[in-house]
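Understanding the architecture of this molecule
Take a look at the letters that make up each chain.
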Amino acid sequence: MNRTINIIAFACLAWVLVPPAAHAGLFEREQPTVIVVEQFIEMHTGPGRGYPVFYVAAEGERLVLLKRRTDWFKVRLNRGDYIEKEGWIRSAAIDGTIDERGEPVEFYSAGIGDFATRRFELGFGGGAFDGARTLEGYAAWAMTPNISLRLNATQILGSFSEGIMGTANVVMVPFPQWRVSPFFSIGTGIIHTEPQTTVVQAEDRTDEIASAGLGANIYLTRRFVLNLEYRRHTLFTSRDDNEEVDQWKAGFSFFLGRR
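Keep in mind it's a predicted model, so treat the numbers as computed, not measured.

Remarks on the confidence of the model for the protein
Looking at the protein, the pLDDT average stands at 82 and 80% of residues meet or exceed 70. Residue range residues 12-26 is modelled with pLDDT below 50. Its contacts to residues more than four positions away, or to other chains, number 24 contacts.

If you want it as structure tokens, here you go:
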């Protein structure tokens, strides 16, 4: 069980940290060609202003796009059979080129306004559940700019017991266009608790759970968002009384897709 939740959490973390690599795969398959229309474009040895300029592509020359890394493109310049150079240029310079049909080239970079038009969101984080440490991954589908369906998988790591919790939630974001955007959520699910072997007369438990929460999405850059949330859980136990549990968590998410 713990292995399963670790795999889910690792997958969510990979989605958050690796998405720029998707651009590389796209250019490796298609390798579009653009034509320089400015007087020149500087080519750097690496993807950053700190790397030196080693060559200048002149007006009319063709650049083959090989891969993208954040605001930089790796390109290949071909000048017949005798000159072939590869280097990095800024995306702003690419926006000043044309394609082979003569149309202006513009590569889109996500901004704060794109959160409202997102289609999917993936996140990973951690926090505390009734004093125990937690690791959590989630995936969400935005039905509208203000309402999302979210599936959470949480591993609970306590001193006397461990557990796994899965919930389905409805998340309401009143102001998705704000850089610091509050949200509210309600959800239901199941929590399974496994006491440590050192605890005497303790049994495994599987209980239904309902929750309500509030938090904030803090837009960072491009498609990355910092998430802070407080949730109040009600555990419907098999005993006569239910349990109320507080959960605090923080994490990062990555959104993608546009309507």
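There's more to say after this.
Details of the environment of Asp204
Tracing the sequence through the fold places Asp204 in the loop between β12 (180-195) and β13 (205-221). Separated by 12 residues in sequence, Asp204 and His192 have C-alpha atoms that sit 7.4 Å apart. In this view, Asp204 contacts His192, Thr193, Glu194 and Pro195; residues no more than four positions away in its chain are not counted.

Quick look at the environment of Leu63
Along the polypeptide, Leu63 turns up in strand β4 (residues 62-69). We classify Leu63 as buried; its relative accessible area is 0%. Measuring from C-alpha to C-alpha, the distance between Leu63 and Val34 comes to 5.3 Å, with 29 residues separating the pair along the chain. Residues within four places of Leu63 in sequence aside, it is in contact with Pro32, Thr33, Val34, Val36, Ala57, Val75, Arg76, Leu77 and Ile89.

Here we look at the side chain of Thr134
With respect to the secondary-structure elements, Thr134 resides in strand β9 (residues 132-142). When its relative accessible area of 5% is taken as the criterion, Thr134 is described as buried. Beyond its immediate sequence surroundings of up to four residues, Thr134 is in contact with Gly125, Gly126, Gly127, Ala128, Phe129, Thr154, Gln155, Ile156 and Gln247.

A look at the side chain of Thr234
Residue placement: Thr234 occurs in strand β14 (residues 224-236). Residue class for Thr234 comes out buried when judged on its relative accessible area of 18%. Within the structure, the side chain of Thr234 is placed 3.0 Å from the side chain of Glu244, a separation counted as a polar contact.

Brief notes about a nonpolar patch on the surface
On the surface, a cluster of nonpolar side chains totalling about 780 Å² of accessible area is made up of Phe120, Trp141, Met143, Ile147, Leu149, Met172, Phe184, Ile186 and Leu214. Counting only elements with at least two residues in the nonpolar patch, the list comes to β10 (147-157) and β12. Within the secondary structure, Ile147 is located in strand β10. Looking at Ile147, the relative accessible area reads 31%, which means it is partly exposed.

Thresholds, definitions, all that
Residues numbered from 1 in each chain as written. Predicted model: local features only at pLDDT ≥ 70, side-chain atom pairs only at ≥ 80, totals over all residues. Heavy atoms only, no water. pLDDT = per-residue confidence, 0-100. Contact = heavy atoms within 4.5 Å. Helix = DSSP H or I, 4+ residues; strand = E, 2+ residues; numbered from the N terminus. Buried < 20%, exposed > 50% of the residue type's maximum accessible area, 1.4 Å probe, protein only. Polar contact = N/O pair within 3.5 Å; in protein donor to acceptor, adjacent residues only side chain to side chain. Patch = residues over 30% accessible without salt bridge, like charges linked within 9 Å, V, L, I, M, F, W, Y side chains within 5 Å. Areas by Shrake-Rupley, 256 points an atom, 1.4 Å probe, with all protein chains shown as cover. Salt bridge = Lys/Arg side-chain N within 4 Å of Asp/Glu carboxyl O.

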